[in-house]
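# Summary of structural features
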Amino acid sequence: MKYQAPRGVKDLLPPESEAFRRLEDEVRDLFVLSGFREVRLPIFESAALFFRSIGESTDIVEKEMYLFEGKGGEKLALRPEGTASLLRAAIEHRLAEPGRTSRLYYQGAMFRHERPQAGRLRQFHQAGAEILGPNDPDTDADLIASVSRYARETSIPGSQLLINSMGCDGCRPEYRKRLVAYLEDHKKHLCETCVRRISTNPLRVLDCKVEGCQPTLNTAPAITSFLCPTSREHFERVCQALNEGDIPYTLSPRLVRGLDYYTETAFEWVSDALGAQSTWAAGGRYNGLVSSLGGPDVPGVGLAIGIERLYLLREKSGTLPRSDAPPVTIALHPLDDDSRGYIRTLLTSLRAEGISCVGLFGSNRLKKAFVSAEREGARYIGLAGENERGSGTITIKDLGTGVQKTVPVAPIPQLASLLSSGFPADSTP
Ligand code: ATP
Ligand code: MG
């Protein structure tokens, strides 16, 4: 029996795993710089939380959730996204309170049962930031600008910001009515799911990815023509702030996002370098979500970055962060069984000085040790046998230059500094 990772689930191996971690660190730094603090959220939650927040007639809830039963029969789900969990936690721990601002971020694996493709996995990673409290357009614009600037600074290829307004509870019903009328009239050009959603969740129809539906959707009424004065002003001020901040954007009047909870500003960053999975980050304002989850009437705005897609983009442009895993400085090898304890002690002492080192205990054969040291990526090999033990020394060879030297092991800080500063070239080979 051979085991394989489940479909749509990827093992991340070195050195990719190291670049991936650096990317996550970069995004975290971006959030921290804007005042966000981390929340570690559970991987699974009560399924009802996602039904309620994401919305019943969405792709996620209809077909993508990993649902399971707890031992007591409770309905649970692997998290498909982070906002619902973050808000649940913020409400539970009183971080979402009227009159205060909470800036929180999360990072981690999300789970959706989708058809796996490049940039579309069943277990993938998001980093997301949410601002609870303020309801002003400048907050939206500032959040959007931070990601757009990051895209510019890191030269993400072909990145484009799309924005729209989803209106509010005041103006959306009228738009919804007009949209339903239009969709009913054009039913025969829409896919089965779209037709079903006309009655369950008409706005969601605009999010359909089926090729054949696109011409009809492209000429559907645009929500921006139906905005009430308050929503219109909010949206105009977001756009104005972006203009003033020199943040390019494209108005995208049919952008609705794949989740139901958005109000007012909605936005996503796409890139033509990503193929079909073009969106690499997305977000929006969700003013009714905290209260609909049982919290106080606190507005919010947030976004999530898809780390795998960010990785693909940075890989394309050759700007992936390089691994920061420190290479092994020295591989230590006992020349006989009696020297094993001597080597073990030396490993402990060197690590205490911050020197990365490994023990080559597999065999006492010198030739094998050299091959192993190269495989470990070590810069030096250190050898100890009877002579070294007797004199309290170690024989060190620089595997790059071939320079070799026998040096005292004590005092350890001196040995450590010799290893970290590099071998003097005048040593006898
Ligand atoms: P898409 O339209 O591509 O399905 P979405 O609207 O479902 O995306 P969101 O729920 O807004 O995506 O998630 C935010 C980001 O997370 C996306 O922009 C994308 O970068 C990433 N993402 C979403 N689903 C996946 C997935 N299955 N695999 C990899 N990344 C994903
Ligand atoms: Mg999706």
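Here the structure is shown first, and the text comes after it.
This is a predicted model, so every value here is computed, not measured. (Residues numbered from 1 in each chain as written. Chains lettered and ligands numbered in written order. Predicted model: local features only at pLDDT ≥ 70, side-chain atom pairs only at ≥ 80, totals over all residues. Heavy atoms only, no water.)

An order of β1-β5-β6-β11-β10-β9-β7-β8 is seen for the 8 strands of this open sheet, with the pairing classed as mixed. Each having just a single partner strand, β1 (37–38) and β8 (250–251) make up the two edges of the open sheet. (Pairing = 2+ DSSP bridges. Helix = DSSP H or I, 4+ residues; strand = E, 2+ residues; numbered from the N terminus.)

Next up on the list: the site of ligand 1. Around ligand 1, 16 residues are found, and the nearest of them are Arg 112, Glu 114, Leu 121, Lys 209 and Arg 257. Taking Gln 126, its side chain carries an N or O atom lying 2.9 Å from an oxygen atom of ligand 1. Thr 279 is positioned with one of its backbone polar atoms (N or O) 3.1 Å from an oxygen atom of ligand 1. Surface burial for ligand 1 is 92%, taken as the share of its 570 Å² of free accessible area covered by protein chains. (Near = heavy atom within 4 Å. Polar contact = N/O pair within 3.5 Å; in protein donor to acceptor, adjacent residues only side chain to side chain. Areas by Shrake-Rupley, 256 points an atom, 1.4 Å probe, with all protein chains shown as cover.)

Between its terminal C-alpha atoms helix α6 (residues 172–185) stretches 20 Å, which fits the 20 Å expected from 14 residues at 1.5 Å a residue. For α6, the set of buried residues is Arg 172, Tyr 175, Leu 179, Tyr 182 and Leu 183. The arc that holds every buried residue of α6, seen down its axis, measures 95 degrees, which confines them to one face. In α6, the exposed positions that point more than 90 degrees away from the buried face belong to Lys 177 and Asp 185. Elements in contact with the buried residues of α6: α7 (192–200), α8 (202–205), α9 (214–218) and β9 (263–271). (Expected span 1.5 Å × (residues − 1). Buried < 20%, exposed > 50% of the residue type's maximum accessible area, 1.4 Å probe, protein only. Arc of directions from axis to C-beta. Contact = heavy atoms within 4.5 Å.)

Quick look at the layout of surface pockets now. Empty space within the second largest pocket amounts to approximately 510 Å³. Taken together, 24 residues make up the lining of the second largest pocket; nearest its centre are Asp 169, Arg 172, Asp 260, Tyr 262 and Thr 263. Elements with a contribution of two residues or more to the lining of the second largest pocket: α2 (47–54), α6, α8, β9 and α11 (289–292). Here the residues of the lining of the second largest pocket sort into 9 nonpolar, 8 polar and 7 charged. (1 Å grid on protein atoms, 1.4 Å probe; cavity = no way out; pocket = protein on both sides within 12 Å on 5 of 7 lines; lining within 4 Å. Points joined across faces, edges and corners; volume = space filled by probe spheres on them. Nonpolar A, V, L, I, M, F, W, Y, C, P; charged D, E, K, R; others polar.)

A few words now on the sheet that holds strand β15 (residues 393–398). The 5 strands are arranged β13-β12-β14-β15-β16 in an open sheet whose pairing can be described as mixed. Because the sheet does not close on itself, it has two edges, and the strands there are β13 (357–359) and β16 (404–408). Averaged over neighbouring strand pairs, the angle between their axes works out to 25 degrees when direction is ignored. Of the strand pairs in this sheet, strand β12 (residues 330–334) and β13 are connected by 3 bridges, and their pairing is parallel. Bridging across to β13, Leu 332 finds its partner in Gly 359. The sheet strands contacting helix α13 (residues 340–352) are β12, β13, β14 (380–384) and β15, and the helix crosses β12 at an angle near 160 degrees. (Axes fitted to C-alpha atoms, helices over the stretch in contact; angles between N-to-C directions.)

Looking now at the pattern of salt bridges. Going through the model one piece at a time under the given rule, you end up with 22 salt bridges. When the shortest N-O distance is used, the salt bridge between Arg 28 and Asp 29 registers 3.7 Å. Taking the relative accessible area as the measure of exposure, Asp 29 reaches 44% and is therefore partly exposed. One salt bridge in this structure joins Arg 237 and Asp 138, with 3.6 Å as the shortest N-O distance. Of this pair, Arg 237 sits in helix α10 (residues 229–244) while Asp 138 sits in helix α5 (residues 137–153), placing them 99 residues apart in sequence. Given the relative accessible area of 35%, Arg 237 is considered partly exposed. In the salt-bridge network here, residues are joined through shared partners; they are Asp 59, Glu 62, Lys 63, Arg 196 and Arg 197. (Salt bridge = Lys/Arg side-chain N within 4 Å of Asp/Glu carboxyl O.)

Turning to its location among the elements, Ile 412 is positioned in helix α16 (residues 412–421). Residue classification places Ile 412 among the buried residues on the basis of a relative accessible area of 17%. Separated by 60 residues in the primary sequence, Ile 412 and Ala 352 place their C-alpha atoms 9.5 Å from one another.

Phe 31, Trp 269, Trp 280 and Ile 305 are the most contacted members of the largest nonpolar core, which has 96 residues in total. Sorting elements by how many residues they give to this core places α5 first, with 7 residues. In terms of nonpolar packing, the next biggest core, distinct from the first, is built from 22 residues, Leu 350, Tyr 380, Ala 384 and Ala 416 among them. (Core = buried A, V, L, I, M, F, W, Y, C linked by side-chain atoms within 4.5 Å.)

Turning to α2, a few remarks are in order. By the burial criterion, the buried members of α2 are Ala 47, Leu 49, Phe 50, Ser 53 and Ile 54. All buried residues of α2 project into a common sector of 155 degrees when viewed along the axis, lining one side. Gly 55 lies just past α2 and shows a positive phi near 105 degrees.

Following the criterion strictly, the structure yields 1 cavity of 30 Å³ or more and no others. The wall of the largest cavity is formed by Leu 30, Phe 31, Ser 34, Phe 36, Ala 129, Leu 143, Ser 146, Val 147 and Leu 303. Breaking the lining of the largest cavity down by element, the ones donating at least two residues are α1 (16–33) and α5. If one sorts the elements of the lining of the largest cavity by residue count, α5 sits on top with 3 residues. Of the residues contributing to the lining of the largest cavity, the split by class is 7 nonpolar, 2 polar and no charged.

Turning our eyes to something else, we now look at the state of the cysteines. Scanning the entire structure with this criterion turns up 0 disulfides. In this structure Cys 213 is a free cysteine whose sulfur lies 3.8 Å from that of Cys 191, the closest cysteine sulfur available. Take Cys 213: its relative accessible area is 1%, and that puts it in the buried class. (Disulfide = S-S within 2.5 Å.)

By themselves, these observations are geometric and do not establish any function.
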